[in-house]
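Chain and residue survey
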Amino acid sequence: MFKQIKTSKANKEVVSQLSRKLNLGKENVIARIALTYSLSKGRKMNLDSAKDAGGKEYSKSVLFGNYEHIYVGLICTNYNLYRTDKSLPKYIKMHIDDGLELLDNEIKKNPNFDGFDFLIDKIGSGLKSIS
């Protein structure tokens, strides 16, 4: 498996800014939200387009906490991978980077959003799509 994940160099500051702006907890919480937000868009990442790994570093335990099996399962399901696939960490990294960029762009478009507003907006959108 893997021991750590690093964001891109450009996203090192983005994760810090989003953590301060959204006030949802530590940077690993923002990284989790970014990962799942990216996955929710239904996009498939191309391994050849991975960005550098010069940014924020997360150990597996800090990034996922007690929910590693859930996050790994989401990636495995999305890409039809087994949990020991050697490309798994790259997909996780790519979705975190993608999600951080998506979140950053959304917050720039809605500068008055805080974390609560953002989450309520996304939950509401999700509920509308399934009703």
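Figured I'd write up the structure that's included with this text. Since this is a predicted model, take the numbers as computed values, not measurements. (Residues numbered from 1 in each chain as written. Predicted model: local features only at pLDDT ≥ 70, side-chain atom pairs only at ≥ 80, totals over all residues. Heavy atoms only, no water.)

Helix and strand counts for the protein stand at six helices and two strands. Seen in sequence order, the protein has helices and strands lined up from the N terminus as β-α-α-β-α-α-α-α. Relative to the globule expectation of 14 Å for 131 residues, the C-alpha radius of gyration of the protein, 14 Å, shows essentially globular dimensions. Overall, the protein is about 40 × 35 × 30 Å in size when its C-alpha atoms are taken along their principal axes. Among the 131 residues that make up the protein, the fraction classed as buried is 40%. The long-range fraction of contacts in the protein, counting pairs at least 24 apart against all pairs at least 6 apart in sequence, stands at 80%. Carbon and sulfur atoms make up 52% of the accessible area of the protein, which amounts to about 7700 Å² in all. (Helix = DSSP H or I, 4+ residues; strand = E, 2+ residues; numbered from the N terminus. Rg over C-alpha atoms; globule rule 2.2 N^0.38 Å. Buried < 20%, exposed > 50% of the residue type's maximum accessible area, 1.4 Å probe, protein only. Contact = heavy atoms within 4.5 Å. Areas by Shrake-Rupley, 256 points an atom, 1.4 Å probe, with all protein chains shown as cover.)

Now for the packing of helix 1 (residues 9-22) against helix 5 (residues 88-109). Put simply, helix 1 and helix 5 touch, their axes get as near as 10 Å, and they point 50 degrees apart. Here helix 5 runs oblique to helix 1, going by the angle between their axes. Between helix 1 and helix 5 lies a crossing whose hand is left-handed. Taken together, the residues of helix 5 that come into contact with helix 1 (itself represented by N11, V14, V15, L18, K21 and L22) are D97, L100, E101, L103, D104 and I107. (Axes fitted to C-alpha atoms, helices over the stretch in contact; angles between N-to-C directions. Parallel < 35°, antiparallel > 145°, perpendicular 65-115°, else oblique. Left-handed = near helix turned anticlockwise from the far one by under 90°.)

Once that is clear, we can look at the packing of helix 4 (residues 68-79) against helix 5. Contact geometry for helix 4 and helix 5: axes closest at 10 Å, N-to-C directions at 100 degrees. Taken together, the axis directions place helix 4 and helix 5 in an arrangement best described as roughly perpendicular. On helix 5, the residues touching V72, I75, C76, N78 and Y79 of helix 4 are L88, Y91, I92 and H95. Residues that form the contact of helix 4 with helix 5 fall into these classes: seven nonpolar, two polar and no charged. (Nonpolar A, V, L, I, M, F, W, Y, C, P; charged D, E, K, R; others polar.)

By the definition in use, this model includes three aromatic pairs. Pairing Y37 with F118 gives two aromatic rings, centres 5.7 Å apart and planes at 80 degrees, and the pair type is edge-to-face. Placement of the pair is Y37 in helix 2 (residues 27-40) and F118 in helix 6 (residues 115-130), with a sequence separation of 81 residues. Per residue, the accessibility class of Y37 equals that of F118, and both read buried. (Phe/Tyr/Trp six-rings, centres within 6.5 Å; stacked < 30°, edge-to-face > 60°.)

A few words now on the side chain of S19. Positionally, S19 belongs in helix 1. Sequence-distant contacts of S19, that is, excluding residues within four places in its chain, are made with L24, G25, K26, E27 and I30.

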